[in-house]
Every structure is written in structure tokens, then in C-alpha cells.
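# A structural walkthrough
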Amino acid sequence: LIKEKLPSFLQNLEVNPCDLGSAAPQITAFKVLEQPISSGWMDIECDLEYHAQPSINLALSGFQMGLQKLDFSMTFYVSFYGLLDHPPFFAGMSMYLCKPPDIETHWKGVMGVLDHNFLNSQIRKAVGQAMTRMVLPHRKIKLMSPDDSAVDIILPKPRGCLQITI
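Residues numbered from 1 in each chain as written. Predicted model: local features only at pLDDT ≥ 70, side-chain atom pairs only at ≥ 80, totals over all residues. Heavy atoms only, no water.

### Side note on the nonpolar core
Formed by 13 residues in total, the largest nonpolar core has its most connected members in Ile44, Met74, Phe76, Val78, Phe80, Met93 and Leu97. Listed by contribution, the elements that provide at least two residues to this core are strand S3 (42-52), strand S5 (63-83) and strand S6 (90-97). With 4 residues, the top contributor of residues to this core is S5. (Core = buried A, V, L, I, M, F, W, Y, C linked by side-chain atoms within 4.5 Å. Buried < 20%, exposed > 50% of the residue type's maximum accessible area, 1.4 Å probe, protein only. Helix = DSSP H or I, 4+ residues; strand = E, 2+ residues; numbered from the N terminus.)

So this is what it looks like as C-alpha cells:
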């Protein structure tokens, strides 16, 4: 299925093994925002980093290459809505990113000496597409109280998020 989406010159690409290692993502910063950025009850900003120790080897037309390092970092936001006086203490929550994660890769073998911007851009594109449902204006929501409506969680737009692409 993946090979079908690759350009024709990459159709013979073999990947073996493909393992990201056992490292877990880490929350490196966590703060409750004093000035809410949404119309929610409380907003939290979290910085998350992932430093994979991959074992990914690629073979194409007799050339060997591999992914030596894969790092990504992102800032995500959690907004809690509707303060309740009983557990779970809020009616709902939303999670979102203002931009896709930042990704850094390091290659070994042939890719370590070649210009690998094409492959890096494909990785960034794939991650961006996978994360698109978390990047504003989209968000993930969770209703915690059956008495409340998802409209109050979905409709509020965060204040202060401006992205300009040239």
C-alpha cells in the first residue's frame, strides 16, 4: 500500500528492519496558562519531545542507507471547559497543536553524504498529514459530562494563534 504512493523511481525500495526503538516521548515543559488562550476554564501548554533510536534500513538499487536519528518536538495545548462541582470536575476538553511537529533526521550510509532534502520533506509531509486533525483549526475533543454539548468545545477559537505562510 505504501509503495503504491511512492514515486516510480522508489518502487523497488526495500525497508528491513523498521523499528523506532523503545524510547518514549517525554513532556519537557508543562504549564497552566495564567491568561487563557481559549474560552475554556483552564488552558495547559505542554512541550513534548521524542528522540527515537531507530533501526530502519533502506535498500534501493544496491545502495544501503538507514535512519540513524529521528527527533520530533511539538507544543500542544489542552483546554478544559465547563467547571463542575463533582468528578470529573470539567464538562469537556479539547487538544490541539498550533503547527505540525518539528522533525529532525540524521541518515547513515549513502543518504549520509547525499542531499536528502527530498526524503526529509516526504517524512515531514507524512507526519504533517497524520497530525492534520490535531492542528488548528482542527482539534480533538472529549465530552466528560452527558449534560453538555460538544458545540461549546468545538466552536471556541483560541486567541493569539496566527500563522502566515509565504
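### Notes on the pattern of salt bridges
Pairing between side chains of opposite charge can happen when the charged atoms of each approach one another. One pass over the full model with this rule turns up 3 salt bridges. Between lysine 69 and aspartate 71 there is a salt bridge, and its shortest N-O distance comes to 3.4 Å. When the shortest N-O distance is used, the salt bridge between aspartate 102 and lysine 99 registers 2.9 Å. Here aspartate 102 falls in the partly exposed class, since its relative accessible area comes to 42%. (Salt bridge = Lys/Arg side-chain N within 4 Å of Asp/Glu carboxyl O.)

### Here's the deal with a nonpolar patch on the surface
A cluster of nonpolar side chains, contributed by Ile27, Phe30 and Val32, occupies part of the molecular surface with about 310 Å² of accessible area. In this fold, phenylalanine 30 is placed in strand S2 (residues 26-32). (Patch = residues over 30% accessible without salt bridge, like charges linked within 9 Å, V, L, I, M, F, W, Y side chains within 5 Å. Areas by Shrake-Rupley, 256 points an atom, 1.4 Å probe, with all protein chains shown as cover.)

### With respect to the side chain of arginine 139
Turning to its location among the elements, arginine 139 is positioned in the loop between helix H3 (117-131) and strand S8 (140-143). Buried arginine 139, no salt bridge; nearest opposite-charge side chain is aspartate 43, N-O distance 7.3 Å. Among the polar contacts listed, one links the side chain of arginine 139 to the side chain of serine 94, at a separation of 3.4 Å. (Lys, Arg positive; Asp, Glu negative; His and termini not counted. Polar contact = N/O pair within 3.5 Å; in protein donor to acceptor, adjacent residues only side chain to side chain.)

### Considerations on the confidence of the model for the chain
Confidence in the prediction of the chain, expressed as mean pLDDT, is 82, and 85% of residues score 70 or more. Mean pLDDT values for the elements of the chain range from 61 in helix H4 (residues 151-154) up to 96 in S2. (pLDDT = per-residue confidence, 0-100.)

### Notes on the environment of leucine 58
With respect to the element layout, leucine 58 can be found in strand S4 (residues 55-60). In this structure, the C-alpha to C-alpha distance between leucine 58 and cysteine 18, residues 40 residues apart in sequence, is 8.9 Å. Among all residues touching leucine 58, those that are not within four sequence positions of it are Leu13, Glu14, Val15, Phe63, Gln64, Met65, Trp107 and Leu119. (Contact = heavy atoms within 4.5 Å.)

### Quick notes on the packing of aromatic side chains
In the structure shown here, the tally under the stated rule is 3 aromatic pairs. Taken together, a centroid distance of 5.4 Å and an interplanar angle of 55 degrees make the contact between tyrosine 50 and phenylalanine 72 tilted. One end of the pair, tyrosine 50, is in strand S3; the other, phenylalanine 72, is in strand S5, with 22 residues separating them in the sequence. Ring geometry for phenylalanine 80 versus phenylalanine 90: centroids 4.5 Å apart, planes at 65 degrees, classification edge-to-face. Residue phenylalanine 80 is found in strand S5, and its partner phenylalanine 90 is found in strand S6; the two are separated by 10 residues along the sequence. For phenylalanine 80, a relative accessible area of 11% puts it in the buried group. (Phe/Tyr/Trp six-rings, centres within 6.5 Å; stacked < 30°, edge-to-face > 60°.)

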